[in-house]
Every structure is written in structure tokens, then in C-alpha cells.
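What follows is the residue order along each chain.
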2 protein chains.
Amino acid sequence: MTEQALLTSALNSWKSTVERADRLFSQASEEQLQTEVAPGKNRLIYLWGHLTAVHDRMLPLLSLGERLHPELDAPFLSNPDRAIPELPKTEEIKKSWNEINSSLLAGLESFSATEWLQKHASVSDEDFAKDPSRNRFAILLSRTNHLSFHLGQTALTSK
Amino acid sequence: MTEQALLTSALNSWKSTVERADRLFSQASEEQLQTEVAPGKNRLIYLWGHLTAVHDRMLPLLSLGERLHPELDAPFLSNPDRAIPELPKTEEIKKSWNEINSSLLAGLESFSATEWLQKHASVSDEDFAKDPSRNRFAILLSRTNHLSFHLGQTALTSK
């Protein structure tokens, strides 16, 4: 099945990028998590929370259910790093990150090819009729790239 | 056609990421191109050449033809930034970048779904038989993510 092979590639790309991020963040020390990726730029801990919030938003966006941790938006999405003086504890971020990525992956792996091409939740029926490329599969590709974008930044903190 | 819609999404993701990079690099001043993404890290000009070399390598990797600019490897791929004292001129990099991305896109747009799932040139017949996910489509996704990875770094130089 050609379409199944294409979907498997895209899911593998998502999974390996999440795993790469997981190794980086989960193995970082508390001190490393406080490091900025460049002077005056986001700290690793902020990027970890930011990615967790963005992945959490994928659950309703892909009609996979309610968000698990909407409380992450204020510290990590609606506000820049350091705007909120007290961030959630590292252990809490780690728990949310694991929980969200697990739920999300179970959902992603459950979609048929036809379901992947259905509209995502942020586009109206009318707009989707005009542009059927605004589907769930496009969200998967776009969020994989979003994750790679920030991984490139975190890579600047090593050595 | 489901498979065609999946391929269109992946190609759109590639195209929009290349266009984003193109706007960033082509509009940068000579001074901006000399900026490091973080202290002691790669300069924008190096990342531009690096991405150009990596995209050039996609031509033989996807069996789309010979490389157009193998001379980019020494300054931008086999050596780190600043190892080679004299880099090619900006105008030359820009010309190669445009030429390579145009040739590549024409090739990418010519593949049928079956051709996307054929093996890429760096995997042996034997290894491909064991793992058919080592196909051209996986290269497209992986190189889109590679581009996003470095775009995330270039974003640190703005403002």
C-alpha cells in the first residue's frame, strides 16, 4: 500500500524527532535547563515547556480529545521567557511532556489514510472546501518541522 | 487520490521551508551574513552554503542527476566555519542556491508515488530489502527537517 508507506515515513519522522528532543531535555541537568540558547534568548526549560504546550494543542487540533495541560500556555506560549517569574517545576514539565506525547502518538497511530486527509479543527468547512490541503497530515508535517526548528536552537548550547 | 494528497502536503512543506530560507538569506546584507547565530557558532553565510551543499547532494541521492556544485563541500560541509579562510563570494552562493533548488524541485515534482517509495542511492539493494522505509520520501522529510533545524538557528540573529 503506497499511502500506508508514505504515512509510516511521516510518522517515523515525527517519532524520531520527538525522541531526539526527549533525550536532550530529559537528560539535561537543572543547570543546563537554565542555559539560554544564545545570549538573551530562550532558556532550554522554556523551549521544553513551549514544545509541550504546542504538542498539547495538537490533541484538539487533530480532534483527538481535550487538552491535557492548558495551564502550560501562560508560562510557555502566550508569554515570552522570563515574563512569568515562577515556571512549573522541571518534574512537572517532564511528566506533562511524556503524558502528552504518549496520548498524541496513540492518536496519530490510529488514523487511517482517509482520516489523515480530513480537516483539522482550526479550519472552517467552507475554507477547507476551498483548500483541502489544510488537513491533519499537514499539521503533522508542520509540527515536526516546528520541533526541528527549536532543536536546532538547543543544539547551540552543547560544547 | 489519497497518496497524491499526501505527496502534495509533503512537497508543500518542502517548498514553503525553502522559500522561508530563501527570503532570509537572499535579503540579508553582506554584514548580516557575517553574523554568527550565537557567539562562536556558525555564521549565516556558512549556513547558507551548507544548506546549498546538502541540497546539491540530494540530486544524486534521489537519482535526479549529477551534482551541480560539488566544490561547495570543502568550504561548507567537510570543514567547519572559518576553517577555510576564503569562502566563495555571496553572489556565487546565491546563484548556486537558486540553481540547485530549481533543479531539485523540478525533479521532486516529477516523481510518481511509486517512484517516491523507491530506494535512495545511499542504501544497497540488500539493506533496502530489509528496510523499505529507506526510500526517497524519507529523504524529502528528513531534508525538510534539516532545513528547519538550521532556520531555527538563523532566527536567533533577528532583532
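A brief structural summary. (Residues numbered from 1 in each chain as written. Chains lettered and ligands numbered in written order. Predicted model: local features only at pLDDT ≥ 70, side-chain atom pairs only at ≥ 80, totals over all residues. Heavy atoms only, no water.)

### Structural notes on helix α3 (residues 44-61) of chain B
Residue and element names in this part refer to chain B.
Then, number 1: In this model, α3 (18 residues) spans 26 Å end to end at C-alpha, consistent with the 26 Å of a helix rising 1.5 Å per residue.
Then, number 2: Counting buried residues along α3, 16 of its 18 residues qualify, which places the element largely inside the surrounding structure.
Then, number 3: Looking at the residues trailing α3, positive phi occurs at Ser 63, about 55°. (Helix = DSSP H or I, 4+ residues; strand = E, 2+ residues; numbered from the N terminus. Expected span 1.5 Å × (residues − 1). Buried < 20%, exposed > 50% of the residue type's maximum accessible area, 1.4 Å probe, protein only.)

### Re the side chain of Thr154(A)
Residue and element names in this part refer to chain A.
Then, number 1: Here Thr 154 shows up in helix α8 (residues 136-154).
Then, number 2: Overall, Thr 154 belongs to the buried group, its relative accessible area being 2%.
Then, number 3: Within the local environment of Thr 154, its side chain forms a polar contact with the backbone oxygen of Leu 151, the two atoms lying 2.7 Å apart.
Then, number 4: Those residues in contact with Thr 154, other than ones at most four positions away along the chain, are Leu 24, Phe 25, Val 37, Leu 44 and Leu 47. (Polar contact = N/O pair within 3.5 Å; in protein donor to acceptor, adjacent residues only side chain to side chain. Contact = heavy atoms within 4.5 Å.)

### Quick notes on the relation of the copies chain B and chain A
Then, number 1: Superposing chain B onto chain A takes a rotation of 180° combined with a translation of 0.0 Å along the rotation axis, leaving an RMSD of 0.0 Å. The operation mapping one copy onto its partner corresponds to a two-fold rotation axis.
Then, number 2: Counting the interface residues of chain B, we find that 100% of their copies in chain A are interface residues as well, pointing to one common contact surface. (Least-squares fit on C-alpha atoms with pLDDT ≥ 70 in both.)

### What to know about the packing of aromatic side chains
Both the distance between ring centres and the angle between the ring planes are used here to describe each pair of aromatic rings.
Then, number 1: Throughout the structure, instances matching the rule amount to ten aromatic pairs over all chains.
Then, number 2: Considering the side-chain rings of Trp116(A) and Phe137(A), the 6.0 Å spacing of their centres and the 80° angle between planes classify their relative orientation as edge-to-face. Taken together, the residues Trp116(A) in helix α6 (residues 113-116) and Phe137(A) in helix α8 connect sequence positions 21 residues apart.
Then, number 3: Looking at Trp116(A), the relative accessible area reads 1%, which means it is buried.
Then, number 4: Residue Phe137(A) is classed as buried on the basis of its relative accessible area of 0%.
Then, number 5: When the ring of Phe25(B) is compared with that of Trp48(B), the centres are 5.4 Å apart and the planes differ by 5°; the resulting orientation is stacked. Taken together, the positions of Phe25(B) in helix α1 (residues 2-26) and Trp48(B) in helix α3 put the pair 23 residues apart, joining distant regions of the chain.
Then, number 6: Using a relative accessible area of 1% as the deciding quantity, one classes Trp48(B) as buried.
Then, number 7: Members of the aromatic cluster, each reached through a chain of ring pairs, are Phe25(A), Trp48(A) and Trp97(A). (Phe/Tyr/Trp six-rings, centres within 6.5 Å; stacked < 30°, edge-to-face > 60°.)

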